[in-house]
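# Inside the fold
Residue strings, one per chain:
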Amino acid sequence: MPEIRLVNVTKRFGKIIAVNNVSLKIGDKEYFCLLGPSGCGKTTLLRLIAGLIKPDEGEIYIGNRLVNDVPPEERDIGFVFQTFALFPHMNTWENVTYGPRVKALDPEETSRIAHEMLEMVRLHERLDAFPNELSGGMMQRVALARALAAGAKLLLLDEPLGQLDAKVRDALRYDLRKMVKDLGLTAVHVTHDQAEAMAIADKIAVMKKGRILQVGTPFELYMNPQHIFVAHFIGESNFLEGFILDVKSTGSIVELRGGLKIKVNDASKKKGEKVVIAVRPEVFTVEKRGGKDANVLRGTVERVSFEGNNIRYEVRLENEDLIVIVRPSLLEKWLTVGEKVYVRFPADKCKVFAYPSAGLTEELAVE
Amino acid sequence: MSQTRVHRILDALSSKKPVKYTVYTLSTVFFFVLILIPPILGIIVKWDSINYVLSQPELSSRALNAVAFSFAIALFVAFIDLVAGLPMAWYVARGKSRWLSVLDTFADIPFIVPTVTLGYSLLLFWSRSEGISSLFGGSIVSPGWLLVMLLHFVFSFPVVVRVMVGALMDYKMEYEEAARSLGAAPLTADRTVTLPILKPSLVSAFTLAFARSISETGATMMVAGAFENGPVFIQNMKNGWAEGVVSQTTYEGSMVLASFILIVVSCAIFAAIRLLGPRLRLPIKRVWPSMERKLSGAGVVNIRNIATLIVFFLIVLVPSLYVALPAFEALTNGTLNEALTGTGIWQSFWQSMLLSYFIGAVVTIINITVGLPMAVLIARKRFGKAVSTILDIAVTIPLIVPSVALGASLSIFWRENFAFIPELWLLIFAHLSITYPYFVRAMSAAIERISIDLEDAARILGAKPYTVFKTIIFPLTKYSLFAGAIMVFTRSVDETGATLAVIQPGSPLKTAPVLLAKDWVIPFIKNPAAASVSAAEIGLGCGFLILMSFLILLVLRFIVKGGGRY
């Protein structure tokens, strides 16, 4: 059963460390996403699992078998490339039957599997078509059928939806997940698109600069990011700099720039420590008249943009910090530019992170 | 006039349609009138003399046999070159070690050794008592068809390696990786995926090797002995005429007949390759997984690499450079000193070198001036797709005309119609015809690789055509331009067959390869004791020529390495 284990894996290209001491476990029949900005090492990690490159250090196990020295053709994997890599000199049928053919499987069995796979990706009508006669979505489906027809239980996907139009991409996401689940496969899917990862994955590993920052379900990563970059990369967050003014058993008081104070339900940081608090745009409530409570800060609406289902405000606080607030557009009366408002911070939804030693901008950079 | 002013005038001129089309038309006219027509027309005006040959059954069957041998050898050698060159290209392109770039440079050496020197070198190595044969107490390979094949294999080998290394470098590895991930062993992936995708390059490598083998004269006549292929037959008839053994009509008729068949059949073969190439499917249906896996193993791959290197060193490299070996003797016995001071025979040697480099420089400048508009014309289809295709094929024709026939025909055409043109210019015309295809093809391929979007973007931003060329096309193709120019220059300096055919007996205009062939090597082969030069002197003379070409090659490599890729 294809469970994957990576133990302290490192891969260098010259002076660049593409994958830095990564350990990871991917469970059998799991749909797993490697998510991160470009250049974070996610594709390198996938190619290491596929055996297209060899690690400099560490061990890679597929189903308890150490595969460091096993060539890709003996790993029993399916690999879908970002550019699809359909063989241009073969038609759909020849592409899809290539795997069984080079493994010398029984021709009747080959034909049966290939028909089944092509039926599944709904391309049975285009058996004779060459890759240059197919649309992007079709090529992607042929690539998928080809990877699956070889009978692999482990499917590796390198940005498989990256080259497709938005609508096709959204539709294929669900198809992809359904196919993997129906066939009982383990899938490792590389993407830089967090919405795609959230929609498709059982579990996600967020990577940056060759390291894995956090592994978890989409829900865990969104609700409980363990790293400031994860809070930034998954969904959207406002980041406010400050320091811990006081720590109590129920939480702490954070003093923001300009002496503004808010209460948070996090008592893990020390008094006087420099911190960044991360707040999702949809957790704020906005009021026209402020009460006496804590956690309500005054500000001015600077920009209003209508996004269909949501309305997005940019509000300048009195300390000059700018925060983004998102509210459901059809349920409330809209604010207008220039309006003075009171913004309520919910104490239980403000995540507190130690101020990054490299600086906030550097830590959040996606390039 | 300031530079900006010149620039502005050129810009203004370049946006005028009549000016643009005049430049293109002039370059086309120049191509037809000076490069393509004379080498062919010379044959056509002597068409009647064919009857004279056909009326002599013995002579005409000798001509036909020679031509048939030409094709047999060219097809066979081109095939063997692919078989031997492909593993070498693979080894160079896919290996990771640093010394591979040295090996890559070595692979070009047969290309820069002047052909006549190459022929003599192989003759020394394989069949004369000075060569490897002495180890076996006799001649291993006597002059004849086998030595001709060895020679053709050697001089086409770099062409095949160069084309295939380039193709492998540009190849998207993802196809091969996809095949591997689907369970194909490396050999299976190479055979069923990589090679079929690289087929166009295989075809063009084959075609180039074939064309080179069909047309080469200078070196072939050195090693042919009593054997005749098409070009050697023409050369022998010419020698016969010069010695008064055969009449002028017999010589001309033989030349016309042999050249005509060579050109027509070659064109037919090229057309067939062009038409059938895309339809030809390599055998990829059957797969033998366990056997191919075994053949992909490290042991087998090592054996293959070692065999490739042995073939390269023992059959290609060492025999090519063998001629320069006696030069070491020359270094110590005072010959070097004589050579450097230009005493005795060396005076004419340095004069001939000077002439060679002068002609090379003139030919290079003319090529750039008239070849560049032609390259743009072909690559950008300025006169429509059909015209571009026709020009593209027409440009390659001078490649397949046997160089001796090209020289002879061109000389007939100019001498009989425009006798006032000095011989020096005839030499330049001959070299132009031979080098023009190389330059134009290299440049048009380079221009085609530049996306038209870049040009459009520059135009939309306000650049006039001349500025587009200066700021976009030129910077992106300048490495190809340098490479093309240096290729033209070395090819011109090394040219032998056509040059021999153009100059008249007793002419003072002897380029270095002609001097080496006619005055040094051939008399020496006939009778070393009576020759005016020694083995050491020949070795040193050839050594100088090779050394200069090698330096130029290094410059070329340095320039191209400086950033040919974008």
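So, about the pairing of strand β8 (residues 186-191) of chain A. Residues and elements named next belong to chain A. By the criterion of burial, β8 is predominantly enclosed, with six of the six residues buried. Here β8 shows no split at all, with T186, V188 and V190 on one side and A187, H189 and T191 on the other all buried. With five bridges connecting them, strand β3 (residues 31-35) and β8 associate as parallel partners. Note that in β8 the partner of C33 across the bridge is H189. Examined bridge by bridge, strand β7 (residues 154-158) and β8 share five bridges and lie parallel to one another. Bridged to L156 within β8 is V188.

Right, let's get into the sheet that holds β8 of chain A. Residues and elements named next belong to chain A. Read across the open sheet, the six strands follow the order β6-β7-β8-β3-β9-β10; overall the sheet is mixed. For this open sheet the edge positions go to β6 (77-80) and β10 (211-216), each flanked by a neighbour on one side alone. The mean angle between the axes of side-by-side strands here comes to 15°, regardless of whether they run parallel or antiparallel. Along the sheet, helix α5 (residues 136-149) contacts β6 and β7; its crossing angle with β6, the most-contacted strand, is approximately 170°.

The next subject is the domain arrangement of chain B. Residue and element names in this part refer to chain B. According to the domain assignment, chain B consists of domain 1 (25-46 + 326-566) and domain 2 (56-325). Of note, the centres of domain 1 and domain 2, computed from C-alpha atoms alone, are 22 Å apart. Facing 35 residues of domain 1, the contacting portion of domain 2 comprises 33 residues. Of all the elements in the fold, those that place two or more residues in the side of domain 1 that touches domain 2 are α17 (327-332), α20 (385-400), α21 (403-417), α24 (465-494), α25 (497-502), α26 (512-526) and α27 (535-561). A total of 10 residues in the side of domain 1 that touches domain 2 trace back to one element, the largest contributor, which is α27. For the side of domain 1 that touches domain 2, the residue count by class is 24 nonpolar, eight polar and three charged.

The subject of this paragraph is the interface of chain A and chain B. The accessible area lost on association of the parts is a frequent measure of interface size. Across the contact, 21 residues belong to chain A and 16 residues belong to chain B. Of all the secondary structure elements, the ones that give two or more residues to the side of chain A that touches chain B are β6 and α3 (98-102) of chain A. Looking at the side of chain A that touches chain B, the element that brings in the most residues is α3 of chain A, giving four residues.

The domain boundaries assigned to chain A delineate domain 1 (4-231) and domain 2 (236-361). When each unit is reduced to the centre of its C-alpha atoms, the spacing between domain 1 of chain A and domain 2 of chain A is 39 Å.

Let us look at unusual backbone geometry. Residues and elements named next belong to chain A. In the Ramachandran plot, D76 falls in the positive-phi region, its phi being about 60° despite a non-glycine side chain. Positionally, D76 belongs in the loop between β5 (65-66) and β6. In this structure, A104 is a non-glycine residue whose phi angle is positive, near 55°. Relative to the helices and strands, A104 resides in the loop between α3 and α4 (107-120).

Attention now goes to the pairing of strand β1 (residues 4-13) of chain A. Residue and element names in this part refer to chain A. With five bridges connecting them, β1 and strand β4 (residues 57-62) associate as antiparallel partners. The residue of β4 that forms the bridge with I4 is I62. In the sheet, β1 pairs with strand β2 (residues 16-26) via seven bridges, with the strands oriented antiparallel. Bridging across to β2, I4 finds its partner in I26.

Below, the discussion takes up helix α2 (residues 17-45) of chain B. All names here are of chain B. Largest kink in α2: about 60°, centred on I37, with the proline P38 one to four residues after it. Listed in full, the buried residues belonging to α2 are F31, I35, L36, P38, P39, I40, G42 and I43. Elements in contact with the buried residues of α2: α14 (248-276), α19 (345-379), α20, α21 and α22 (423-449).

Mapping R146 of chain A onto the fold places it in helix α5. Look past the residues within four positions of R146 of chain A in its chain and what remains in contact with it is N95, V96, Y98 and G99 of chain A together with L182 of chain B.

Residues and elements named next belong to chain A. Relative to the helices and strands, V9 resides in strand β1. Exposure remark for V9: the 23 C-beta atoms within 10 Å place this residue in the buried category. Residues V9 and V343, 334 residues apart in the sequence, show an inter-C-alpha distance of 46 Å. In this view, V9 contacts V19, V22, L48, P55, E57, G58 and I60; residues no more than four positions away in its chain are not counted.

Residues and elements named next belong to chain B. Direction vectors running N to C along helix α8 (residues 145-170) and helix α11 (residues 199-215) enclose 160°, while the axes themselves pass 9 Å from each other. Viewed along their axes, α8 and α11 adopt a mutual orientation that is roughly antiparallel. In this structure, the crossing between α8 and α11 has a hand that is right-handed. On α11, the residues that touch H152, F155, S156, V159, V160, V163, M164 and A167 of α8 are S201, S204, A205, L208, A209, R212 and S213.

Before going further, it helps to spend a moment on the sheet that holds strand β17 (residues 310-317) of chain A. Residue and element names in this part refer to chain A. The strand order across the open sheet formed by five strands is β15-β19-β16-β17-β18, and the pairing between neighbours is antiparallel. The open sheet has two edge strands with one neighbour each: β15 (285-287) and β18 (322-328). When strand polarity is set aside, the average angle formed by the axes of neighbouring strands in this sheet is 45°. In this sheet, β17 lies alongside strand β16 (residues 296-306) in antiparallel orientation, the contact comprising seven bridges. In the sheet register, V304 faces β17, and the bridge partner there is Y313.

Calculation criteria
- Residues numbered from 1 in each chain as written.
- Chains lettered and ligands numbered in written order.
- Predicted model: local features only at pLDDT ≥ 70, side-chain atom pairs only at ≥ 80, totals over all residues.
- Buried ≥ 20, exposed ≤ 12 C-beta atoms within 10 Å, placed from the backbone.
- Helix = DSSP H or I, 4+ residues; strand = E, 2+ residues; numbered from the N terminus.
- Pairing = 2+ DSSP bridges.
- Axes fitted to C-alpha atoms, helices over the stretch in contact; angles between N-to-C directions.
- Contact = placed C-beta atoms within 7 Å.
- Domains from an automatic or database assignment.
- Nonpolar A, V, L, I, M, F, W, Y, C, P; charged D, E, K, R; others polar.
- Bend = angle between axes of the 7 residues up to and from the residue.
- Parallel < 35°, antiparallel > 145°, perpendicular 65-115°, else oblique.
- Left-handed = near helix turned anticlockwise from the far one by under 90°.

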